[in-house]
Amino acid sequence: MRNNKIWLSSPHMGGTELKYINQAFETNWVAPLGPNVDGFEADLESYLGYGAYVGALSSGTAALHLGLIMLGVGYGDEVICQSMTFSASANPIRYLGAQPVFVDSESDTWNICPDSLEEAIKDRLKKGKKPKAIVAVHLYGMPYKVDELREIADRYEIPILEDSAEALGSSYKGQKCGTFGDISILSFNGNKIITTSGGGAIVVKDKKFKDKAVFLSTQARDNAPHYQHSEVGYNYRMSNICAGIGRGQMEVLDKHIALRRSMHDFYVSLFKEKPGITVFKEPNSDFFSNHWLSAIIVDSSIVGVNREDVRLALEAENIESRPLWKPMHLQPVFEGCPYYGGKVSEDLFDKGLCLPSGSNLGESERERISGLLEVFFDRKLSV
Ligand SMILES: *Cc1c(COP(=O)(O)O)cnc(C)c1O
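Residues numbered from 1 in each chain as written. Predicted model: local features only at pLDDT ≥ 70, side-chain atom pairs only at ≥ 80, totals over all residues. Heavy atoms only, no water.

The chain has the name Aminotransferase class I/II-fold pyridoxal phosphate-dependent enzyme in an unreviewed UniProt entry, where Flavobacterium alkalisoli is given as its organism. The chain has a UniProt comment under Sequence similarities (unreviewed entry) that states "Belongs to the DegT/DnrJ/EryC1 family." (UniProt positions renumbered as here; feature names shortened; annotations may be inferred.)

## Re the packing of aromatic side chains
Counted under the stated rule, the structure contains 14 aromatic pairs. Through successive ring pairs, a cluster of aromatic residues spans Phe-86, Trp-110, Tyr-140, Phe-280, Trp-292 and Trp-325. Above the ring of Tyr-47, the side-chain terminus of Lys-176 is found at 4.6 Å from the ring centroid. The side chain of Arg-221 reaches across the aromatic face of Tyr-227, ending 3.9 Å from its centre. (Phe/Tyr/Trp six-rings, centres within 6.5 Å; stacked < 30°, edge-to-face > 60°. Lys NZ or Arg CZ within 6 Å of the ring centre and 35° of its normal.)

## Side note on helix α3 (residues 60–70)
Counting buried positions along α3 gives eight out of 11 residues, so the element sits mostly inside the fold. Where α3 is concerned, the buried positions are Gly-60, Ala-62, Ala-63, Leu-64, His-65, Leu-66, Gly-67 and Leu-68. Where α3 begins, the side chain of Ser-59 points an oxygen toward the backbone nitrogen of Thr-61, at a separation of 3.4 Å. Gly-72 sits one or two residues past α3 and shows a positive phi near 85 degrees. (Buried < 20%, exposed > 50% of the residue type's maximum accessible area, 1.4 Å probe, protein only. Helix = DSSP H or I, 4+ residues; strand = E, 2+ residues; numbered from the N terminus. Polar contact = N/O pair within 3.5 Å; in protein donor to acceptor, adjacent residues only side chain to side chain.)

## With respect to the packing of helix α5 (residues 114–126) against helix α6 (residues 146–156)
In the contact formed by α5 and α6, the axes pass within 10 Å of each other and the chain directions differ by 15 degrees. Relative to α6, the element α5 is oriented roughly parallel. As α5 packs across α6, the resulting crossing turns out to be right-handed. For the pair α5 and α6, the contacting residues are Pro-114, Leu-117, Glu-118, Ile-121, Lys-122 and Leu-125 in the first and Glu-148, Leu-149, Ile-152, Arg-155 and Tyr-156 in the second. Residue composition of the contact of α5 with α6, by class: seven nonpolar, no polar and four charged. (Axes fitted to C-alpha atoms, helices over the stretch in contact; angles between N-to-C directions. Parallel < 35°, antiparallel > 145°, perpendicular 65-115°, else oblique. Left-handed = near helix turned anticlockwise from the far one by under 90°. Contact = heavy atoms within 4.5 Å. Nonpolar A, V, L, I, M, F, W, Y, C, P; charged D, E, K, R; others polar.)

## Focus on the nonpolar core
It is characteristic of soluble globular proteins that their nonpolar side chains tend to be buried jointly. Counting 60 residues, the largest nonpolar core has Tyr-140 and Leu-168 as the members making the most contacts within it. Two domains each donate at least three residues to this core, and these are domain 1 (17–252) and domain 2 (254–382). Among residues more than four places away in sequence, those in contact with Leu-168 are Leu-44, Tyr-47, Leu-48, Leu-186, Phe-188, Ile-193, Ile-194, Leu-253, Ile-257 and Asn-290. Core analysis: the second largest hydrophobic core is formed by 30 residues, Val-79, Ile-185, Val-204 and Phe-334 among them. (Core = buried A, V, L, I, M, F, W, Y, C linked by side-chain atoms within 4.5 Å. Domains from an automatic or database assignment.)

## Some thoughts on the sheet that holds strand β14 (residues 339–340)
Read across the open sheet, the eight strands follow the order β1-β9-β8-β5-β4-β2-β3-β14; overall the sheet is mixed. Strands at the two margins of the open sheet, each flanked by one partner only, are β1 (53–57) and β14. Pairing of strand β4 (residues 133–137) with strand β5 (residues 160–163), which is carried by four bridges, proceeds in the parallel orientation. For Val-135, the partnering residue across the bridge sits in β5 and is Leu-161. (Pairing = 2+ DSSP bridges.)

## Concerning the site of the ligand
Among the 16 residues in the neighbourhood of the ligand, the closest are listed as Thr-61, Asp-163, Glu-166, Ser-187 and Lys-192. Here an oxygen atom of the ligand sits 3.3 Å away from a polar atom, N or O, in the side chain of Lys-192. The pocket occupied by the ligand, as judged from atoms lying within 2 Å of grid points, is the largest pocket. In terms of residue count, α3 provides more of the shell around the ligand than any other element does, three residues in total. (Near = heavy atom within 4 Å. 1 Å grid on protein atoms, 1.4 Å probe; cavity = no way out; pocket = protein on both sides within 12 Å on 5 of 7 lines; lining within 4 Å. Sits in = over half its atoms within 2 Å of the grid points.)

## A short note on the domain arrangement of the chain
The domains assigned to the chain are domain 1 (17–252) and domain 2 (254–382). A separation of 26 Å is found between the C-alpha centroids of domain 1 and domain 2. Taken together, the 46 residues of domain 1 in the interface contact 39 residues of domain 2. When the buried area of domain 1 at its contact with domain 2 is split by residue, Phe-102, Trp-110 and Tyr-140 rank highest and sum to 21% of it. Across the domain 1-domain 2 interface, the total number found is zero salt bridges. Summed over the shared surface of domain 1 and domain 2, the result is 27 residue pairs in polar contact (both at pLDDT 80 or more). Counting only elements with at least two residues in the side of domain 1 that touches domain 2, the list comes to α4 (91–95), β3 (99–103), α5 and β6 (171–172). Taken together, the residues of the side of domain 1 that touches domain 2 break down into 20 nonpolar, 14 polar and 12 charged. (Buried area = accessible area lost by both parts, 1.4 Å probe. Salt bridge = Lys/Arg side-chain N within 4 Å of Asp/Glu carboxyl O.)

Written out as C-alpha cells, the structure reads:
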C-alpha cells in the first residue's frame, strides 16, 4: 500500500469553525453578509492593527481587482508588478485593459528589487507614461523590502498595492504585513496559512475606502428603493458561511504560524550539513516570515542533482513539492510585456523548490521527508 500523500500546504481546521457555520444556519444568515462577515472583519482588523479597515471578499484575486479600480487604474494604463509571483497578482491588471510592466526580484527576500523598480519607473516616465500603481508581493510569507519600496513609491508618487496573500501574520520591524500598501490584500484560499475554503480581503486605511470597496463588491447599488446604479459593480462579497470558517481559523492563526515556522526550522536543521542546498531565510531580524511555504535552492553544480530530480524523488514517495513561481515575464500569456531587471527571478525559478510546509504535518510526516531526502542526497553526494 502506498503511503498517504503529504501535501505542500493543505487546509488545517482548528475546531471551532463548525460552531460559526452552525450559528449561520440557525439564524438563516446564509448570504454574503451577516454576523460572521462582520465578526471576521473585526478579528482581522484587530489582528493587523495600525488602523486597518478590512473588507471581506470572495477571493484575493477579487481584492486585487477592486484594489486596482480604487487606485484609479483603467484602460491603457501601466501598472508595475513583481514578476516572480502567482499569476493572480498580475491578471487583474489585464481585466482592466491595463498593461503590466514586470520587475525582477532581489536575492535577499526574492521580492521586487528596489533598484530595478526605480529603473523601470524612470524608463516608463521617459517614455511618457507614469505607472498608476506598483503591485508588490511578500512571496512565501517573506516581507518585501518595505522601507526601500515606500521611499521610492513616495518619491515618484505612485501608490503601492500590497499583495499580502501569502503573508498574513508576517511582519516587518514589528508591523504586520497587510498594512504597508496604500491598499493591501489578503487571501484565504484553501492552500493559504488560514482558509475560508475560498476568500480574500481588501485592507485600507480609511473607513470610507472600506465602504467604497464593499459598495463595489455588492453590485454598486445606489441608495434608492429600486435598483439604481451609477457605477459598474461586482459580485465579490464574502459569504457568511465562509466567514464562519474564517472566524474559527483566526483563533488558531498564531498557533499555525508557529507550526509553519517549526517546519522551516526542521528543513534548516535537515540541510545544515548539505553543501549546495540553501533554505530560504529571513535576511535579518527586521523581517519576520510566517513561512507559509518553506523553500530551498538546489545548486546542481555542488549537489549533482537539480531541483527537478529532488521533486521527482519526492513525488515517487507521494510527497508533494513544487518549483518556485515561474516569473510572469516568462509566461506565454504575458509575452511582450515590458520587463526590467536581470536574471534573479529566472535563476530562482530554475533552482528553487517549495517543500511540504503545512501546519498539520507531524512527526511521522517529517520522518518520511527526512528519511527520503537524507538517503537521496547521500547517494547523490557520494557518486
Ligand atoms: C493566492 C494568491 C493570490 C490570489 O488569491 P485567491 O484568494 O486565490 O484569489 C494572489 N497573489 C498571491 C501572491 C497569491 O499567492
